[in-house]
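Close look at the chain arrangement
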Amino acid sequence: MEMKTYNNLLVEVEDGIAVITINRPKSLNALNSETLAELGDIASTIEKSKEVKVVILTGAGQKAFVAGADISEMVNATAQEGRAMALLAAETFNCLENMPQVTIAAVNGYALGGGCEISMACDIRIAADNAKFGQPEVNLGILPGFGGTQRLPRLVGKGRAKELIFTTDQIDAEEAYRIGLVNKVVPQTELLDYCKSMAKKIMSKASYGVTLAKQAINTGMDTDLESGLKLEANLFGLAFATHDKAEGMQAFLEKRKADLTDF
Ligand code: CAA
């Protein structure tokens, strides 16, 4: 994969795992337009890559994952500019959400506003024990604009999402776990290792099967059950055409480890 240099991101690819670090620690990794565009660029590069199977997204420093959209950029923005920023974030986050690779948010501190929102566009959220989640937008006279009003209720239910958005209360990692916003809480020093070991476990499975399952879940959650079940049947059928299906089942019957290669 051809690697560019970014002003606001660090990207490392090793053993099929890309670690993307949002690197603006002085602003607690706040998302300005340039960072959103760079995230869009790396996401669209990775989605075409066969080399990367799992993406881990995190924030630089010990204090914050991402403390939201960049308020210093929004302060003088017009209505058109605000809308353009939200649309840029939507494009970038949709790319992350639907890429064939699995995405894991390693949430190492504040995940507020746009930070909570970008973590929700990832497949899985692992929180460090110092993580704090919240949607503080109504303190600023705006509403969540990077998907918070849509993805938060889908993850934690309408009532809890409304409470978080209307009160702007911050919740800690344990509470985020309790309401289903994060998959697991780990000590901060173990966060990246934990995410990498989860990535390796996922990569040891049939990667194309994982990708088809991701597609079935993502599309199915946004449609009615009957259409979702039809989509699942079609993707299930498609999986029967793969090498990994033939190999995976043959290996099971021969009581040997499968050599799974499709992606
Ligand atoms: N945008 C721009 N700069 C930010 C920022 C943000 N979202 N969050 C923090 N910063 C900057 C601060 O301005 C400060 O900069 P200076 O050192 O130049 O003064 C620096 O990061 C460190 O922050 P604090 O001094 O405030 O650190 P703290 O420990 O006292 O507080 C915090 C930490 C509670 C996270 C606090 O910084 C904070 O409340 N940040 C804003 C959170 C927020 O409102 N996020 C939502 C933004 S709107 C949004 O995201 C809309 C959307 O839906 C997309």
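Here the residue numbering is sequential within each chain, running from 1 through the sequence in written order. At least 70 in pLDDT is required for a residue's local features to be given in this predicted model, at least 80 for side-chain atom pairs to be given and counted, and no such filter applies to totals for whole chains, interfaces and linings, which use all residues. Side-chain figures throughout are based on the complete set of non-hydrogen atoms in the structure, without hydrogens or water.

**Brief notes about the site of the ligand**
Contacts to the ligand come from 23 residues, most closely from Lys63, Ala69, Glu117, Glu137 and Gly145. Each polar contact in these results corresponds to two N or O atoms within 3.5 Å; when the atoms are within protein, one needs to be able to donate a hydrogen and the other to accept it, and residues that are neighboring in sequence are counted only if both atoms are side-chain atoms. One nitrogen or oxygen atom from the side chain of Glu117 is found 2.8 Å from an oxygen atom belonging to the ligand. Between Gly145 and the ligand, the recorded distance is 2.8 Å, taken from a backbone N or O atom to an oxygen atom. The secondary structure listing takes helices from DSSP runs of H or I that are at least 4 residues long and strands from runs of E that are at least 2 residues long, numbered from the N terminus. Of all the elements in the fold, those that place two or more residues in the shell around the ligand are helix H2 (71–74), strand S6 (110–112) and helix H4 (114–120). For this description, a residue counts as near a given molecule or strand if any of its non-hydrogen atoms is within 4 Å of it.

**Thoughts on helix H8 (residues 191–203)**
In this analysis, the expected span of each helix is defined as 1.5 Å times one less than the number of residues it contains. With 13 residues, H8 should cover 18 Å at 1.5 Å per step; its first-to-last C-alpha distance of 18 Å lies within 8% of that length. Within H8 the residues assigned to the buried category are Leu191, Cys195, Ala199, Ile202 and Met203. Buried positions in H8, seen along its axis, are confined to an arc of 100° and lie on one side of it. Opposite the packed face of H8, turned more than 90 degrees from it, sit the exposed residues Asp193 and Lys201. Whether two residues are in contact is decided by their heavy atoms, any of which lying within 4.5 Å being enough. Residues of H8 that are buried sit in contact with strand S2 (17–22), strand S3 (54–59), strand S5 (102–107), strand S7 (124–128), strand S10 (184–186) and helix H9 (207–221). Between buried and exposed lies partly exposed: a residue is buried under 20% and exposed over 50% of the maximum accessible area for its type, with that area taken using a 1.4 Å probe on protein chains only. The arc in question is the one traced by the directions running from the helix axis out to the C-beta atoms.

**Concerning the pattern of salt bridges**
The salt bridge criterion pairs a side-chain nitrogen of Lys or Arg with a carboxyl oxygen of Asp or Glu, the two atoms within 4 Å. Applying the stated rule across the entire model yields nine salt bridges. The partner of Glu247 in a salt bridge is Arg256, with the nearest N and O atoms 2.8 Å apart. Here Arg256 makes a salt bridge to Glu254, at a shortest N to O gap of 2.7 Å. One salt-bridge network, held together by shared partners, links Glu247, Glu254 and Arg256.

**A short note on H9**
Helix length check: H9 (15 residues) gives 21 Å between terminal C-alpha atoms against 21 Å at 1.5 Å per residue, within 8%. Of all the residues in H9, the buried ones are Ser207, Thr211, Leu212, Lys214, Ala216 and Gly220. Along its buried surface, H9 packs onto helix H3 (79–98), S5, H8, helix H10 (225–239) and helix H11 (243–253).

**Topic: the packing of helix H5 (residues 148–156) against helix H6 (residues 158–167)**
Relative orientation of the contacting elements H5 and H6 amounts to 135°, with a least axis distance of 7 Å. For the element pair H5 / H6, the angle class is oblique. Viewed along their axes, H5 and H6 form a crossing whose handedness is right-handed. Across the interface between the two elements, Gly148, Thr149, Leu152, Pro153 and Val156 of H5 pack against Lys158, Arg160, Ala161, Leu164 and Ile165 of H6. Of the residues in the contact of H5 with H6, the class split is six nonpolar, two polar and two charged. To define axes, lines are fitted to C-alpha atoms, for helices over the stretch in contact only, and angles between the resulting N-to-C directions are given on a 0 to 180 degree scale. Working rule for angles: under 35 degrees goes down as roughly parallel, over 145 as roughly antiparallel, 65 to 115 as roughly perpendicular, anything else as oblique. Crossing handedness follows the turn of the near helix against the far one: under a right angle anticlockwise gives a left-handed crossing, and clockwise gives a right-handed one. Under the convention adopted here, Pro, Cys and the residues Ala, Val, Leu, Ile, Met, Phe, Trp and Tyr are nonpolar, Asp, Glu, Lys and Arg are charged, and Gly plus all remaining residues are polar.

**Some details on the sheet that holds strand S9 (residues 171–172)**
Pairing within the open sheet is mixed, and its four strands lie in the order S4-S6-S8-S9. This sheet does not close on itself; its edge strands, each paired only once, are strand S4 (64–66) and S9. DSSP bridges decide pairing: two strands pair if at least two such bridges lie between them. Strand direction decides the pairing type here: strand S8 (residues 132–134) and S9, joined by two bridges, are antiparallel. Considered in S9, the bridge of Lys132 is made with Asp172.

**A look at the packing of H9 against H10**
Helix-helix packing: each pair is described by the crossing angle between the helix axes and the interaxial distance. At a closest axis distance of 9 Å, the pairing of H9 and H10 adopts a crossing angle of 170°. The angle between H9 and H10 falls in the class roughly antiparallel. Across from Tyr208, Leu212, Gln215, Ala216, Thr219 and Gly220 in H9, the residues of H10 making contact are Gly228, Leu231, Leu235, Leu238 and Ala239. Split by residue class, the contact of H9 with H10 holds seven nonpolar, four polar and no charged.

**With respect to the environment of Gln215**
Mapped onto the secondary structure, Gln215 falls in helix H9. Of the residues examined, Gln215 reaches a relative accessible area of 38% and is grouped as partly exposed. Beyond its immediate sequence surroundings of up to four residues, Gln215 is in contact with Gly220, Leu231 and Leu235.

**Focus: the nonpolar core**
A general tendency of soluble globular proteins is for nonpolar side chains to be buried together. Among the nonpolar cores identified, the biggest contains 47 residues, and Leu57, Phe133 and Leu181 are the most heavily contacted of them. Excluding its chain neighbours within four sequence positions, the residues that come into contact with Leu181 are Cys116, Met120, Arg125, Phe133, Leu152, Leu155, Val156, Ile171 and Ala176. Within this scheme, the nonpolar core is defined by two criteria: the residues are buried Ala, Val, Leu, Ile, Met, Phe, Trp, Tyr or Cys, and they are joined through side-chain atoms within 4.5 Å. Val19, Ile56, Ile104 and Cys195 belong to the second largest nonpolar core, which has 16 residues in total.

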